Amino acid sequence: MDHLQSYQNDDDLDNDSSPSSPDSSPPRLLPSKSAAPKVDDTTLALAVAQANQILSRPIDPVQHAITFNPTYDQLWAPIQGPAHPYAKDGIAQGMRNHKLGFVEDAAIDSFLFDEQYNTFHKYGYAADPSGSEGNNYVGDLDALNKNDGISVYNIPQNEQKRQKIERKKEKESNESADDNAVDKEVLNNPASDVWLAKNRKSPWAGKKEGLETELTEEQKKYAEEYAKKKEEKGASDKGEAVVDKSTFHGKEEKDYQGRSWIEPPKDAKASNDHCYIPKRLVHTWSGHTKGVSAIRFFPKKGHLILSAGMDSKIKIWDVFNSGKCMRTYMGHAKAVRDISFSNDGTKFLSAGYDKNIKYWDTETGQVISTFSTGKIPYVVKLNPDDDKQNILLAGMSDKKIVQWDMNTGQITQEYDQHLGAVNTITFVDNNRRFVTSSDDKSLRVWEFGIPVVIKYISEPHMHSMPSIAVHPNTNWFAAQSLDNQILIYSSKERFQLNKKKRFAGHIVAGYACQVNFSPDGRFVMSGDGEGKCWFWDWKSCKVFRTLKCHEGVCIGTEWHPLEQSKVATCGWDGLIKYW
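Residues numbered from 1 in each chain as written. Predicted model: local features only at pLDDT ≥ 70, side-chain atom pairs only at ≥ 80, totals over all residues. Heavy atoms only, no water.

(A) Representation of the pattern of salt bridges in the model. Inspection of the entire model under this criterion finds nine salt bridges. Notably, a salt bridge pairs Arg 433 with Glu 447, separated by 3.6 Å at the nearest N-O pair. With Arg 433 in strand β18 (residues 433-438) and Glu 447 in strand β19 (residues 443-447), the pair connects residues that are 14 residues apart, well separated along the chain. Given a relative accessible area of 13%, Arg 433 falls into the buried group. One salt-bridge network, in which partners are shared between bridges, spans Asp 429, Arg 432, Arg 433 and Glu 447. (Salt bridge = Lys/Arg side-chain N within 4 Å of Asp/Glu carboxyl O. Helix = DSSP H or I, 4+ residues; strand = E, 2+ residues; numbered from the N terminus. Buried < 20%, exposed > 50% of the residue type's maximum accessible area, 1.4 Å probe, protein only.)

(B) Structural view of the environment of Lys 441. Mapped onto the elements of the fold, Lys 441 is located in the loop between β18 and β19. With relative accessibility at 43%, the residue Lys 441 sits in the partly exposed group. Considering only alpha carbons, one finds Lys 441 and Pro 460, 19 residues apart in sequence, at a separation of 9.0 Å. Filtering out sequence-adjacent residues up to four positions away, Lys 441 remains in contact with Ser 458, Met 462, His 463 and Ser 464. (Contact = heavy atoms within 4.5 Å.)

(C) Summary view of the packing of aromatic side chains. Going through the model one piece at a time under the given rule, you end up with 26 aromatic pairs. Here the aromatic cluster, defined as three or more aromatic residues joined through ring pairs, consists of Phe 298, Tyr 329, Phe 341, Phe 348 and Trp 360. The side chain of Lys 501 reaches across the aromatic face of Trp 538, ending 4.7 Å from its centre. (Phe/Tyr/Trp six-rings, centres within 6.5 Å; stacked < 30°, edge-to-face > 60°. Lys NZ or Arg CZ within 6 Å of the ring centre and 35° of its normal.)

(D) Structural detail: a nonpolar patch on the surface. A grouping of Ile 108, Phe 111, Leu 112, Phe 113 and Tyr 153 is seen on the molecular surface, where their side chains present a nonpolar patch of about 530 Å² in accessible area. Along the chain, the position of Phe 111 falls in helix α4 (residues 110-123). By relative accessible area, which is 44% here, Phe 111 ends up partly exposed. (Patch = residues over 30% accessible without salt bridge, like charges linked within 9 Å, V, L, I, M, F, W, Y side chains within 5 Å. Areas by Shrake-Rupley, 256 points an atom, 1.4 Å probe, with all protein chains shown as cover.)

(E) Local environment of the nonpolar core. Membership of the largest hydrophobic core comes to 17 residues, with the highest contact counts inside it found for Trp 261, Leu 306, Ile 314, Ile 316 and Tyr 329. Of all the elements in the fold, those that place two or more residues in this core are β6 (304-309), β7 (313-318), β8 (325-330) and β9 (336-341). Look past the residues within four positions of Ile 316 in its chain and what remains in contact with it is Trp 261, Leu 304, Ile 305, Leu 306, Lys 324, Cys 325, Met 326, Arg 327, Tyr 329, Phe 341 and Thr 362. Ranked by size, the runner-up nonpolar core spans 16 residues in total, among them Val 292, Ile 295, Phe 297 and Trp 317. (Core = buried A, V, L, I, M, F, W, Y, C linked by side-chain atoms within 4.5 Å.)

Structural data, given as structure tokens:
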């Protein structure tokens, strides 16, 4: 209080005093104050040392908050104490991004790399890529000093000028030598070659042999490897060439009456029109060394069954009598994807992953013709009309459906609208139209011979449909959807989805399991990814029966065209089973 009072008195005195009065004394100034506290040198040094200690010590792994900016070394410093139990070579687990320790990414611009690479090959020196201290160059240091460290891209102007003059002189000397040679040729050659000899620089004069720039050994080796790869790729694009051969395994190709072994038995006819679900295994065919991808019964009679194997072989088996393999067809270099009989069964098509489509004679095993576009065919089909058995349709991996005339071997049409590989081709509406499905999760309907989509079916909930089968009454077709269900579409004008009919229960996601109908249309059947064969009732859509057929995937199912209660299945275990 005394201090405040004295301060107040001083203030009053200051106010009362005036500079105009002669007796007034000069005003008193307040003492200056400093906001920073006085710190001696010892305290300052101690604080700096503490800060340095904080920045140098490793971070405590237990603490949840960091009150300062740690360095990279602090963040990745090993924990004090015993070695980390999962660390090798003393490197903590957090430091590892490689099996031998920690590797830091390093990036170099492609132009800089090319510059140093070409400089080294031309002059013998280049910048040190390790960035070590001291000498910043590696290689021939004498050449470095001689050329003043120039690279191939920063040659001084006087050097460029000198090189240009040298090139010009060399060119002139070569031209004079060529002119002398031309004069000699003009004397020796007839008049027709005189113009060509004089005009060597014309586009018709042919290419100069040899390269203008001399390549290094490494560049020559790379060029040879590239040319070799290109040749191999060109050969593979045309389809791999394999010697076509066939082996007959039966007793005799002709019987005592001169009939061929593919002739159906005289008594082969349907006993009744009512189909029944099979219950037990009748026969097993085993001959393929790998999985079987497709099976097809001989058209209308079913006394033979054709199988396509992933061992690149096609086999045909006897169904009625001996049950043995009758003939093996070998012509593909890779697995066979699809097979398809002609209407009379005397010929069939095969599509392989070697990018070839082959047209075989069933009886003799001869390849009649081979077709290829350089892409993998996923499905092959002949036009079902008897007068158009020379027209082949193939769904390719490059999103096209290609149509060939097999008589001429020419491509007559390409249906190019899909956005993914084409999986199926199914003829509907008295073979005037056909439906195709693709990996683009859509169905497209085409008028035969016209490459314009007349109906496009695609919904957000739709999945890819790798197999389609037409109902025997031809009013509907079933599509195997990869969301584990079979959908039914109308095969008439509208091609609408039948929402009341849906067959589910099997697991086919990821597998192109074949869907099929019984000959009387009462049952729908399909294989699945667990080796089962499923049977549904067409009217009620209920599961009728399941058979455990194969180990692994049951990929193909075929109902016998005449024997109403018999079904053939094939799987990736390499077996074909008859139920």
